[in-house]
Amino acid sequence: MEDLYKEYVGKLPGKILNDMEKEAKVRDLKPAQVKKVLEYLIEQYNQAKIDPGEAIGIITAESFGEPGTQMTLNVFHFAGVAEVSVTQGLPRLIEILDARKTIKTPSMEICIKKEFAKEPTQVKKVAAQIKETLLKEVAEEFNINVSKMQLEVKLNKARIKEIKAKPEDIIENLENAIKKISIKKTDEGFTIKPEESSDHELMELYKLKEKLKETYIKGIKGITHVLPVKRGSEFIIITAGTNLADVLKVPEVDSSRTSTNDLHETAKVLGIEAARQTIINEAGKVIEDQGLDVDIRHILCIADTMCRSGVIKGITRSGITGEKKSVLAKASFETPLPHLVNASLLGENDELNSVIENVMLNQPVPLGTGLPDLVAKMGPKSIKKKQTEKKEESKK
Amino acid sequence: MAEKVKPTTINHILVPKQVICDEEEVSKVLSKYNIRKDQLPKVSIKDPSILALEVEAGDVIKISRSSQTEPTSVFYRVVV
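Values in this document were obtained by computation on a predicted structure and should not be read as measured data.

Draft legend 1. Layout of the overall build of chain B. Regarding its fold elements, chain B presents one helix and four strands. In chain B, which comprises 80 residues, the share counted as buried stands at 36%. If you take every contact in chain B between residues at least 6 apart in sequence, the share linking residues at least 24 apart comes to 55%. Here chain B has roughly 5300 Å² of accessible surface; of this, 53% comes from carbon and sulfur atoms.

Structure representation (structure tokens):
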């Protein structure tokens, strides 16, 4: 039985073979019957294959375009009790396909190592460590002492314990962030004094206070919100804001399953193959959330095309559409005039090898039955030979 | 001076298994699809997922992905 299946490896896709093997066991088929089914499967499989010259790119575009018209235009949706909003529907799909550098709602899904993922309290602790903390979140009071011309900051001890920060670390981070201040530690917090005095001292002090409130002191930069969520049997953390490289370094984080929805960041940290998979996952998520049905092969086609060159290229005039050789094809996508003007200034040639430019010129397009051409090897020698042959024939 | 850290393979669900493809297989693939090496899909030499392989430009990487349509689908990229 095993050998029978081995015979068909390469003739049929592995998934079909696996399914067949399972089904045959359930139905208790005899080898002869299995062979019959497999032969029939090959016939059907070969019929289902795409023909040479089929315009798969256009079919993909149509398959995305039609359901796209039915997607909700409602950009914000709050998933369950989560306070983290995620871009969905058509706007998100456009973001993915254009490969935008900055996306509207960057977000991460952080998985925690198994030993920490069971207890909600432990997950919360990890979440608090990851979240980017600003000084205003750990400070209880900001006072301006007018007589001494200094700022007095009172820290919330409980909050500091929660994020595992030491007052000394906070002071160090503040000194790195803001120049020309001297900080002294006190019992309740610290006092801050500008090193240089100016004419508008009080004004400066007030400005400094506002600046200090927004200063980063602890956590991972870029992660603005954290939200522990139960998924299956374990807890994961969903974040707003993303910083994959730094989050993967956190010891409690399971670095093999944590992911972000930012394509370019994924490509930078995990490489182009991971970015390709992210495109597939994210686009698939959009389609699924909207309750639509687009075949996975269309998404694979787009993802492969976007990652073909080793970097992510969106379907924009600066991305893969801009890579087209034909001037007319580029002009037909976006901003036709600049393309035509540049091409005429540079004296570019158009080989008319693709579809759209031939449609414009009312010529047969190289697709399907229009694809094959007659090719004859006609070097100068063979032409001469034929000519002499003809002459000899006419002489006769 | 900081010691040069040897890059390690990334262990991540999004990163598929990648190995350097030997010459024989490369020529097999190229003749199968009737293409030149530079017509293969590309991968940057600085790509973090292949740093550990210590590749050179012109090498072909064999990628075994797990896919929704096949248990493992094989893909090739040329290093640039």
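Draft legend 2. View of helix H1 (residues 23–33) of chain B. Residue and element names in this part refer to chain B. For H1, the full list of buried residues reads Val26, Val29 and Leu30. When H1 is viewed along its axis, its buried side chains cluster within an angular range of 95 degrees and face the same direction. Among the exposed residues of H1, those oriented more than 90 degrees off its buried face are Glu24, Lys28, Ser31 and Lys32. Tucked inside the fold, the buried residues of H1 contact strand S3 (60–65) and strand S4 (73–79).

Draft legend 3. Just the packing of helix H13 (residues 263–270) of chain A against helix H14 (residues 272–289) of chain A, in detail. Residue and element names in this part refer to chain A. Viewed as axis vectors pointing N to C, H13 and H14 meet at an angle of 150 degrees, and their least axial separation amounts to 7 Å. As judged from the angle between their axes, H13 and H14 are roughly antiparallel. For the element pair H13 and H14, the recorded crossing hand is right-handed. Residue-level contacts link Leu263, Thr266, Ala267 and Leu270 of H13 to Ile272, Ala274, Ala275, Thr278 and Ile279 of H14. In terms of residue class, the contact of H13 with H14 is built from seven nonpolar, two polar and no charged.

Draft legend 4. Layout of the domain arrangement of chain A. Per the domain assignment, the segments of chain A are domain 1 (2–48), domain 2 (50–105 + 261–323), domain 3 (133–218) and domain 4 (338–396). Of note, the centres of domain 1 of chain A and domain 3 of chain A, computed from C-alpha atoms alone, are 72 Å apart.

Draft legend 5. Focus on the packing of aromatic side chains. Considering all chains together, one arrives at zero aromatic pairs over all chains under this definition. A cation over a ring is seen here: Arg65 of chain B above Phe75 of chain B, with NZ or CZ 3.9 Å from the ring centre.

Draft legend 6. Examining the confidence of the model for chain B more closely. All names here are of chain B. Mean pLDDT over chain B stands at 86; residues scoring 70 or higher make up 91%. Mean pLDDT across the elements of chain B bottoms out in strand S1 (residues 17–20) (90) and peaks in strand S2 (residues 42–43) (92). What the predictor reports for the complex is a pTM of 0.82 with an ipTM of 0.90.

Reading the values: rules and limits
- Residues numbered from 1 in each chain as written.
- Chains lettered and ligands numbered in written order.
- Predicted model: local features only at pLDDT ≥ 70, side-chain atom pairs only at ≥ 80, totals over all residues.
- Heavy atoms only, no water.
- Helix = DSSP H or I, 4+ residues; strand = E, 2+ residues; numbered from the N terminus.
- Buried < 20%, exposed > 50% of the residue type's maximum accessible area, 1.4 Å probe, protein only.
- Contact = heavy atoms within 4.5 Å.
- Areas by Shrake-Rupley, 256 points an atom, 1.4 Å probe, with all protein chains shown as cover.
- Arc of directions from axis to C-beta.
- Axes fitted to C-alpha atoms, helices over the stretch in contact; angles between N-to-C directions.
- Parallel < 35°, antiparallel > 145°, perpendicular 65-115°, else oblique.
- Left-handed = near helix turned anticlockwise from the far one by under 90°.
- Nonpolar A, V, L, I, M, F, W, Y, C, P; charged D, E, K, R; others polar.
- Domains from an automatic or database assignment.
- Phe/Tyr/Trp six-rings, centres within 6.5 Å; stacked < 30°, edge-to-face > 60°.
- Lys NZ or Arg CZ within 6 Å of the ring centre and 35° of its normal.
- pLDDT = per-residue confidence, 0-100.

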